[in-house]
Each structure stands twice: as C-alpha cells, then as structure tokens.
Amino acid sequence: MGIFKIEGGISLKGEITPQGAKNEALQILCAVLLTPEKVIINNIPDIIDINKLITLLGNLGVKIQKNGHGSYTFQADEVNIDYLETEAFKKEGGSLRGSIMIVGPLLARFGKGYIPKPGGDKIGRRRLDTHFEGFINLGAKFRYNREDHFYGVEANEGLTGADMLLDEASVTGTANIVMAAVLAKGVTTVYNAACEPYLQQLCKMLNSMGAKISGVGSNLLTIEGVTTLGGCEHRILPDMIEIGSWIGLAAMTKSEITIKNVSWDNLGLIPTTFRKLGITLERRGDDIYIPAHVDGYEVKTDIDGSILTISDAPWPGFTPDLLSIVLVVATQAKGDVLIHQKMFESRLFFVDKLIDMGAKIMLCDPHRAVVMGHDFKSQLKATTMSSPDIRAGISLLIAALSAKGTSTIQNIEQIDRGYEAIDERLRAIGAKIVRE
Ligand SMILES: CC(=O)N[C@H]1[C@@H](OP(=O)(O)OP(=O)(O)OC[C@H]2O[C@@H](n3ccc(=O)[nH]c3=O)[C@H](O)[C@@H]2O)O[C@H](CO)[C@@H](O)[C@@H]1O
Ligand SMILES: C=C(OP(=O)(O)O)C(=O)O
C-alpha cells in the first residue's frame, strides 16, 4: 500500500481544475448498459473506483474504446449476462459501491440483474432496501443468498410502471430505479427521489437517449417507459466534492487559489456553507477565486448568536461527503462549530487523528462533533496517520498540508479511489507531497 509524505505549513498558489464527478460517472457508466448503440462519455475521472467499474463493464462484454484523456466510447451490443453467475463477478462486482447501479439497467434490458453486497467506504450502515423495493414495485422478483451476500432481481415478463414513494431519498437507489423504469411498460412515478446534480445529469443523458423523464431536478420524477434507447454523447460535470475539498485546502493553508470551471450553478449550498465558516469566495465567471486568508477566517454565528451548526441533508441540502472537509477547516477557524453528520454513523471517528495533531474537537457521539477553532494561534503538528475512508483521507491530507513538520499518510488507495493524480496536481500549485 502506498503512502504520502507531506511537508506542511507551506502556502500554495495557482489554478486547479476539478476532475469529472466520481459519483455522476458511476451512474453514467452503468447507463451505457441500457442501449446496444454507442455511447460517448467525456470528462471521466481517472480514479480507482471508476477504472474498476470500466473493467467490470468490459468483463460483461461491453466494447470499450478510449478516445483520449477522460473520453471513452462504450457499446453494450453483446452483453455476456452469464458473467453475472461467475465466481470472478462474485469477487470483483462488490468491490465498489457504484457497481450496484448495473442492476437496474440489466434488469430492464435483460430481465435479470445480480450483485454481490457492494463495497465502498466503511462509514456506517449502507442499506440497499430502497433499490430493491423499487425493483419489486416494477414487478421484479427479489432473491437474496444470505450465505454469500448475493442479491438478485428477475423479471421474466418485463417490468411494468408503478407509482412509488421511496422510503428515503437514496442517491444510487434513485438512479437504479430510474434506469430500470425507463424501459418499463407504462408510467412510473418516483416520489422522494434524490435529486443531486448527479441524478439530474443521468436523467438528461437518458432523455437524450430517447427516455421520457420529467420532473428532473425535483423529488418527483415521472417516467414514461419506452421500448428502446439509442446512443448519445454525454459530458460529466466537475466534481463538486473535489471543488469543496480545494476550497477547504485553500483556506486552511492560507493559499490563493483559483478553482477553474466549477459549474457554479450546480454547487448548491457548497459556497454558502464555506462562507459561513468565514471563508471568502469570489465568483469569477465560472471559476472560484479564493484569496489567501492571511488573517484567518471567522465563523459566523446564527442570527440569535447561537453556535453555528453544519449538518448534511439530501440535496438540495448540504452533501454529507463534504462534512469531514468542513470539520478539518473548522479546526483553524476563529470560533466554534457543531458538525452534525446525520446520515452516516461512522464517518466522524477520524477526528481522533486530528485531536492527536492538536485540534480542539469534542466528539459528542458518533454523529456530532464540536470543533473549537484555533484561529491559527496554534498550528497542527505533523503525524503518521491512516485514512479510514475517502473523505476522511482528503481531510487528513489537508490537515497535513497545514501542519508543522512532515506527516505520513498510509493507505492512500482510499484517497486515490476518488481523487485523480492528487499528488501531481497539488505539487503543481506548490505542495510538498511525495508518493512512496
Ligand atoms: C456512489 C455514490 O453516489 N455515493 C454517494 C451516495 O451513496 P448511496 O447512494 O449509497 O447513499 P444513500 O443516498 O442511499 O444513503 C446514504 C445514507 O444516508 C441515509 N439517508 C439517505 C437519504 C435520506 O433521506 N435519509 C438518510 O438518512 C441512508 O440511510 C444511508 O445511510 O450518496 C451518499 C449520500 O449523499 C454519499 O455519501 C455517497 O458518496
Ligand atoms: C462515500 C463516498 O463514496 P462511495 O459511496 O463510493 O463509498 C464518497 O464519495 O464520499
């Protein structure tokens, strides 16, 4: 397993361009299974999770052609559905969270879809009930093999549209159900649908392939089933979680950074939330300019003077994937912040490492931590740490870049899962980071 050695306490300067969005790309790649025609996808990030999914599509018989950096053509005209029954699939298929979204398209097009219990971050319980309840509503039969944690759905007679109210606004669950419903007979309505830009992009892509989805961007989707879908060309949005990571990095290292081509209109509450921490962000065209915060940043309290709380919520609420980054940035703010991670119960435990580095954090319970900012009066101290999940990993990396001395981060595959060539890109703006 690789490590990063990071010499901290150095201000960075320059421009950084976000990669394509990991969580959108996972949905979009699964959607290529819905048509025998060619689908061109641009701005695909070159990261471990995405490359694993591309390999999985290849193993299923999808023809894959690389057109250039981040651009691929896929053609699923000879899908080998029997691959789903192989030992190789049982081993590989569950190695990332995103692979769960092959089930909806396969069920819709071939009448069956199987998946081993998917992997992804160990950040708490990650149920799949919403996905499978959705498929059952469309007429599929559910099979679960408890021994080897193998899930399956079958619909020999095809799928039929239905009205459904999801038990929670699951991101991958909504994507899976939508991809099944586009080829079902009749009309499906999905209420309490997730509506992140990832899903809006998926629906736009499916509509450009001939699907009939309305309500895109809302929590009520109406899907009129069609019999076939055709090819298309799609471009993935910049990764909003990466953008948030760079905002946090800039503030915490007092760096002047411009984040290029961020697609502002798709950032939701992200700029507002960082501004609540006292961080200055300027919109320059479609870029974000962050000046060097030489005098630090001061947390804004609520109107009544009570302590600022930053919590996650389904879109258009603040994404849970940025709370670890907000937390690390708060360790150097002037003022206190309560971080409330509502969705996942094991995502805050990494604060132990920040406490070791000298941060003032009180973990109240698995969901809540109070951070008392140092206002740069005390610098974090370098240490050796291991990254438990992708976003904790980047947060620890940001902490290391701001800390005094040389830190070591182990288990960097966690970071590489979601951030493309992160060491190279950070070196380009002046970071002292080495991969060993
Ligand atoms: C590959 C991918 O796209 N992964 C993202 C996706 O995961 P994923 O699609 O797996 O996450 P879900 O949206 O299904 O749910 C995430 C967690 O939040 C809980 N929950 C969800 C909805 C809700 O209204 N209330 C609620 O409590 C669920 O029980 C679960 O524990 O969405 C998560 C939530 O934004 C993100 O952290 C992940 O990065
Ligand atoms: C939790 C995440 O990813 P995954 O759902 O793939 O584990 C994430 O992107 O922050």
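Computed from a predicted model, the values in this text were never measured in an experiment.

**With respect to the pairing of strand β1 (residues 4–7)**
Part 1 of the reasoning: Only one face of β1 is buried, namely the one carrying F4 and I6, since none of K5 and E7 on the opposite face is buried.
Part 2 of the reasoning: Both β1 and strand β23 (residues 432–435) contribute to a ladder of four bridges, which runs antiparallel. The residue of β23 that forms the bridge with E7 is K432.
Part 3 of the reasoning: Pairing geometry for β1 and strand β22 (residues 406–410), over four bridges, is antiparallel. Residue pairing for β22: F4 is matched across the bridge by I409.

**Overview of the domain arrangement of the protein chain**
Part 1 of the reasoning: Split into domains, the protein chain comes out as domain 1 (4–19 + 238–435) and domain 2 (22–235).
Part 2 of the reasoning: One C-alpha centre belongs to domain 1, the other to domain 2; they are set 31 Å apart.
Part 3 of the reasoning: The partner domain 2 presents 22 residues to the 24 residues of domain 1 that form the contact.
Part 4 of the reasoning: Summing the contributions of domain 1 and of domain 2, the shared interface buries around 1,900 Å²; its carbon and sulfur component is 51%.
Part 5 of the reasoning: Between D49 and R417 there is a salt bridge, and its shortest N-O distance comes to 3.0 Å.
Part 6 of the reasoning: Summed over the shared surface of domain 1 and domain 2, the number is six residue pairs in polar contact (both at pLDDT 80 or more).
Part 7 of the reasoning: Every element with two or more residues in the side of domain 1 that touches domain 2 is listed here: α8 (240–252), α12 (390–402) and α13 (413–416).
Part 8 of the reasoning: It is α13 that provides the largest number of residues to the side of domain 1 that touches domain 2, a total of three residues.
Part 9 of the reasoning: Of the residues in the side of domain 1 that touches domain 2, the class split is nine nonpolar, five polar and 10 charged.

**What to know about the packing of helix α1 (residues 22–31) against helix α2 (residues 48–59)**
Part 1 of the reasoning: Contact pair α1 / α2: the axes reach a minimum separation of 10 Å and the direction vectors enclose 5°. What the angle tells us is that α1 and α2 run roughly parallel. Facing K22, A25, L26, L29 and C30 of α1, the residues of α2 in contact are D49, I50, L53, I54 and L57.
Part 2 of the reasoning: Grouping the constituent residues of the contact of α1 with α2 by class yields eight nonpolar, no polar and two charged.

**Thoughts on the pairing of strand β8 (residues 150–154)**
Part 1 of the reasoning: Most of β8 sits out of view: four of its five residues are buried.
Part 2 of the reasoning: Bridging between strand β6 (residues 112–116) and β8 involves five bridges; their strand directions are antiparallel. Looking at β8, one finds that G113 is bridged to V153.
Part 3 of the reasoning: Between strand β7 (residues 141–145) and β8, which follow one another and run antiparallel, lie four residues, and H149 among them has a positive phi close to 50°.

**Looking at empty space enclosed by the protein**
Part 1 of the reasoning: Applying the stated rule across the entire model yields three cavities of 30 Å³ or more.
Part 2 of the reasoning: The space that makes up the largest cavity amounts to roughly 80 Å³.
Part 3 of the reasoning: Lining the largest cavity are A21, E24, P197, Y198, L237, P238, M240, I243, V262, S263, N266 and L267.
Part 4 of the reasoning: When contributions to the lining of the largest cavity are tallied by element, the ones reaching two or more residues are α7 (197–208) and α8.
Part 5 of the reasoning: Formed jointly, the lining of the largest cavity draws a minimum of three residues from each of two domains, domain 1 (4–19 + 238–435) and domain 2 (22–235).

**Some words on a nonpolar patch on the surface**
Part 1 of the reasoning: Taken together, the side chains of I136, F142 and Y144 make up a nonpolar region of the molecular surface, amounting to roughly 250 Å² of accessible area.
Part 2 of the reasoning: Residue I136 is classed as partly exposed on the basis of its relative accessible area of 42%.

**Here's the deal with the sheet that holds β23**
Part 1 of the reasoning: The strand order β21-β22-β1-β23 describes an open sheet built from four strands, whose pairing is mixed. Every interior strand has two partners, whereas the edge strands, β21 (384–386) and β23, have only one. When strand polarity is set aside, the average angle formed by the axes of neighbouring strands in this sheet is 20°.
Part 2 of the reasoning: Looking at chain direction, β21 and β22 are connected through three bridges and run parallel. From the neighbouring strand, T384 faces β22, where its bridge partner is T408.

Calculation rules
Residues numbered from 1 in each chain as written. Chains lettered and ligands numbered in written order. Predicted model: local features only at pLDDT ≥ 70, side-chain atom pairs only at ≥ 80, totals over all residues. Heavy atoms only, no water. Buried < 20%, exposed > 50% of the residue type's maximum accessible area, 1.4 Å probe, protein only. Helix = DSSP H or I, 4+ residues; strand = E, 2+ residues; numbered from the N terminus. Pairing = 2+ DSSP bridges. Domains from an automatic or database assignment. Contact = heavy atoms within 4.5 Å. Buried area = accessible area lost by both parts, 1.4 Å probe. Salt bridge = Lys/Arg side-chain N within 4 Å of Asp/Glu carboxyl O. Polar contact = N/O pair within 3.5 Å; in protein donor to acceptor, adjacent residues only side chain to side chain. Nonpolar A, V, L, I, M, F, W, Y, C, P; charged D, E, K, R; others polar. Axes fitted to C-alpha atoms, helices over the stretch in contact; angles between N-to-C directions. Parallel < 35°, antiparallel > 145°, perpendicular 65-115°, else oblique. 1 Å grid on protein atoms, 1.4 Å probe; cavity = no way out; pocket = protein on both sides within 12 Å on 5 of 7 lines; lining within 4 Å. Points joined across faces, edges and corners; volume = space filled by probe spheres on them. Patch = residues over 30% accessible without salt bridge, like charges linked within 9 Å, V, L, I, M, F, W, Y side chains within 5 Å. Areas by Shrake-Rupley, 256 points an atom, 1.4 Å probe, with all protein chains shown as cover.

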